[in-house]
Amino acid sequence: MAGRGTPATALLAKRGITHQVHSYEHDPRAESYGLEAAEALGVEPSRVFKTLLADVDGALVVGIVPVDAQLDLKALAAAVGGKKARMAEVAAAERSTGYVAGGISPLGQKKHLRTVLDTSALAFPTVFCSGGRRGLEIELASADLVALTRAVTAAIAAR
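As a convention, each chain's residues are numbered from 1 in the sequence order in which they are written. Local features in this predicted model are restricted to residues whose pLDDT is 70 or higher, and side-chain atom pairs enter the listing and the counts only when it is 80 or higher, whereas totals over whole chains, interfaces and linings include all residues. Computation of side-chain values: all heavy atoms of the structure, hydrogens and water removed.

A.B. asks: Which parts of the structure should I look at to understand the layout of surface pockets?
C.D. replies: In this approach, a probe sized like a water molecule rolls over the atoms, and the result shows the empty space that is left. Its volume calculated, the largest pocket comes out at about 460 Å³. A cavity here means a set of 1 Å grid points, computed over protein atoms only, where a 1.4 Å probe fits but cannot escape. A pocket is an open set with protein on both sides within 12 Å along at least 5 of 7 lines, and lining residues have an atom within 4 Å of a point. If you go around the largest pocket, you meet 27 residues; those closest to its centre are Tyr 33, Lys 50, Thr 51, Leu 52 and Gly 102. Elements represented by at least two residues in the lining of the largest pocket include exactly α2 (33-41), β2 (49-56), α4 (90-97) and β8 (136-141). Each residue gets one label: Ala, Val, Leu, Ile, Met, Phe, Trp, Tyr, Cys and Pro are nonpolar, Asp, Glu, Lys and Arg are charged, and the others, such as Gly, are polar. Its residues assigned to classes, the lining of the largest pocket comprises 14 nonpolar, 7 polar and 6 charged. As a volume, the second largest pocket reaches approximately 200 Å³. Taken together, 14 residues make up the lining of the second largest pocket; nearest its centre are Pro 106, Gly 108, Gln 109, His 112 and Leu 148. The set of elements that each furnish at least two residues to the lining of the second largest pocket consists of α1 (7-15) and α5 (142-149). Class assignment for the residues of the lining of the second largest pocket results in 6 nonpolar, 5 polar and 3 charged. Grid points are joined across faces, edges and corners, and a volume is the space filled by probe spheres set on the points. Here a helix means four or more residues in a row that DSSP labels H or I, a strand means two or more in a row labelled E, and each is numbered from the N terminus.

And the structure:
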């Protein structure tokens, strides 16, 4: 995997976290990067999580939800003790994380941001999240995802 690593995979290697890297051929015409990943990897969409950034009362917050759900902004704000949330501007999300939209990983971001993981992740022994670029997914224990991101868990997904 030389030359193909990302800050996310580097973090996992540095910390010695058990994980598996899955890659697939990304189709730039895909309407949903997350659903594309689930289908390409043959995994149920509820186990594949997308990383979204929101502005909660003027501060960026990471919300991690299943790819077949939407981020409940009110629930996200409540989870971090905030009042109002809106989706972050793409440019702000990319600047803060160091990743390109559609490939934002919750791991190895440039700045540590408050992070909330949807509680549904705890129902699975392992979950999938972006590896830091389109076409790259990381499978790891949900407990490790919580620990590495210092996430709180809350019901932030809306179906």
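A.B. asks: Mind showing me how you'd approach the sheet that holds strand β3 (residues 59-66) here?
C.D. replies: The pairing of strands in a sheet comes from backbone hydrogen bonds and takes either a parallel or an antiparallel form. Two strands are said to pair when DSSP picks up at least two bridges between them. Taken in spatial order, the 5 strands make up an open sheet running β5-β2-β3-β6-β9, and their pairing is mixed. The open sheet has two free edges, formed respectively by β5 (85-87) and β9 (152-154), since each of these has just one partner strand. Across the sheet, the axes of successive neighbouring strands diverge by a mean angle of 35 degrees, strand direction being ignored. Pairing of β2 with β5, which is carried by 3 bridges, proceeds in the antiparallel orientation. Within β5, the position partnered with Asp 55 by the bridge is Arg 86. Axis definition: a line fit to C-alpha positions, over the contact stretch in the case of helices; interaxial angles, taken between N-to-C directions, run 0 to 180 degrees.

A.B. asks: When you look at the sheet that holds strand β1 (residues 19-23) in this model, what are you seeing that I'm missing?
C.D. replies: Spatially, 3 strands are ordered β1-β8-β7 in an open sheet, and the strand pairing comes out antiparallel. Each having just a single partner strand, β1 and β7 (126-130) make up the two edges of the open sheet. Strand-to-strand, the axes of this sheet are offset by a mean angle of 25 degrees, without reference to chain direction. Pairing analysis gives 5 bridges linking β1 to β8, with the strands arranged antiparallel. Bridge pairing in β8 places Gln 20 opposite Glu 139. Throughout, a residue-residue contact means that at least one pair of heavy atoms, one from each residue, lies within 4.5 Å. Across the sheet, α1 lies against β1 and β8, angled at about 30 degrees from β8, the strand it touches most. Contacting β7 and β8, α5 crosses the sheet at an angle of about 100 degrees to β8.

A.B. asks: Quick question: what am I supposed to make of the pattern of salt bridges here?
C.D. replies: Charged atoms that come close allow side chains of opposite charge to pair. The term salt bridge refers to a side-chain nitrogen of Lys or Arg lying within 4 Å of a carboxyl oxygen of Asp or Glu. Under the definition given, this model contains 4 salt bridges. Between Arg 159 and Asp 68 there is a salt bridge whose closest N-O contact spans 2.9 Å. Of this pair, Arg 159 sits in the segment after β10 (157-158) while Asp 68 sits in the loop between β3 and β4 (70-71), and the two are 91 residues apart along the sequence. Only protein chains enter the accessibility calculation, which uses a 1.4 Å probe. A residue is then buried if its area is under 20% of the maximum for its type, exposed if over 50%, and partly exposed in between. On the accessibility criterion, Arg 159 (64% relative accessible area) is exposed. Residue Asp 68 is classed as partly exposed on the basis of its relative accessible area of 35%.

A.B. asks: Just checking my understanding: could you explain the side chain of Glu 139 for this structure?
C.D. replies: Tracing the backbone shows Glu 139 in strand β8. Within polar-contact distance, the side chain of Glu 139 engages the side chain of Thr 126 at 2.8 Å. Setting aside chain neighbours within four positions, we find Glu 139 in contact with His 19, Gln 20, His 22, Arg 47, Thr 126, Val 127 and Phe 128. The term polar contact refers here to a pair of N or O atoms within 3.5 Å; inside protein, the definition further demands a hydrogen-donor-capable atom paired with an acceptor-capable atom, and it admits residues adjacent in sequence only when both atoms are side-chain atoms.

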